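# Overview (structure and organization)
What follows is each chain in one-letter form.
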Amino acid sequence: MTTYKVGYFVGSLSSTSINRILSRALIRVAPDDLEFTEIPIGNLPLYSPDFDSDYPPEARALKDSIAAVDAVLFVTPEYNRSIPGALKNAIDWASRPWGQNSFDHLASAVIGASIGQIGTAMGQQSLRGVLSFCNARQMTSPEAYIQFSHDVFQDDGEITSDSTKEFLRAYMVEFRTYIGMVLSVLPRRRD
């Protein structure tokens, strides 16, 4: 059985992030042949093209982390109908300098949770536009806009609702299948 390495981004820097809880839940219900590593974004300085000729260590570590995985999963809140600034900053670092885009042809998926009923739908659409420009290979279906409740999601990622657990399990199984399809056409090169 092939094991796929998945790097995941939590778009929120909050110590009480509901999307971090969602990431734990996703890992719990994911197929056993997916191996997860969080790609941290909180320590990155603000991106500027002035750094393109000499990336700081935090940005080099970000690019190295993405290079080491087969796919990326974005678990993000919605801020002001878009994506959090920290996540956009990380994408800007990873997609530069010109010609060294870490997301090029990389299998990716987007999911997010909010306490509102539209569950990050607008933020996800904003992120999808950015990822399209970065030439990431996005899983477009199923979509997953999660309305978060502490009654359903425990801090450790346990899911108390059977229907929610099954939906998220199916989402992660589909992501695993999608990773395999993308890699069969666009294998990742390891330098």
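Residues numbered from 1 in each chain as written. Predicted model: local features only at pLDDT ≥ 70, side-chain atom pairs only at ≥ 80, totals over all residues. Heavy atoms only, no water.

## Let's talk about the pairing of strand β2 (residues 34-38)
The two faces of a sheet get side chains in turn, since along a regular strand they alternate between them. What counts is decided by this rule: A pair of strands is considered paired only if DSSP assigns at least 2 bridges between the two. Secondary structure elements are taken from DSSP: a helix is a run of H or I of four residues or more, a strand is a run of E of two residues or more, and numbering for both begins at the N terminus. Looking down the strands as they point away from the viewer, one classifies a crossover as right-handed if the path from the first strand across the helix to the second runs clockwise.
In this sheet, β2 lies alongside strand β1 (residues 4-10) in parallel orientation, the contact comprising 5 bridges. Across the sheet, Tyr8 pairs through a bridge with Glu38, a residue of β2. A crossover connection joins β1 to the parallel β2 through helix α1 (residues 18-29); in handedness this β-α-β unit is right-handed.

## A closer look at helix α2 (residues 57-67)
Our working definition: Burial classes: relative accessible area under 20% of the type maximum marks a residue as buried, over 50% as exposed, and values in between as partly exposed (1.4 Å probe, protein chains only). The directions considered for the arc are those from the helix axis to the C-beta atoms. Contact between two residues is taken to exist if any of their heavy atoms lie within 4.5 Å; hydrogens are not considered.
Those residues of α2 lying buried are Ala59, Leu62, Lys63 and Ile66. On an axial view of α2, the arc spanned by its buried residues comes to 90 degrees, and they lie on one face. Summarising the geometry of α2, the exposed residues directed more than 90 degrees from the buried face are Pro57 and Asp64. Buried-residue contacts for α2 involve β1 and α3 (85-94).

## Overview of the packing of aromatic side chains
So the rule is basically this: Aromatic rings from Phe, Tyr and Trp, with only the six-membered ring used for Trp, were paired whenever their centres fell within 6.5 Å, and each pair was classed as stacked if the ring planes differed by under 30 degrees, edge-to-face if by over 60, and tilted otherwise.
With the rule as written, the count across this model stands at 8 aromatic pairs. When the centroid spacing of 6.4 Å and the interplanar angle of 70 degrees are considered together, the rings of Tyr8 and Phe36 count as edge-to-face. Taken together, the positions of Tyr8 in strand β1 and Phe36 in strand β2 put the pair 28 residues apart, joining distant regions of the chain. The interplanar angle of 90 degrees and the centroid separation of 4.9 Å between the aromatic rings of Tyr55 and Trp93 together place this pair among those described as edge-to-face. Here the residue Tyr55 occupies a position in the loop between β2 and α2, and Trp93 occupies one in helix α3, the gap between them amounting to 38 residues. For the pair shown, Tyr55 and Trp93 are each scored as buried.

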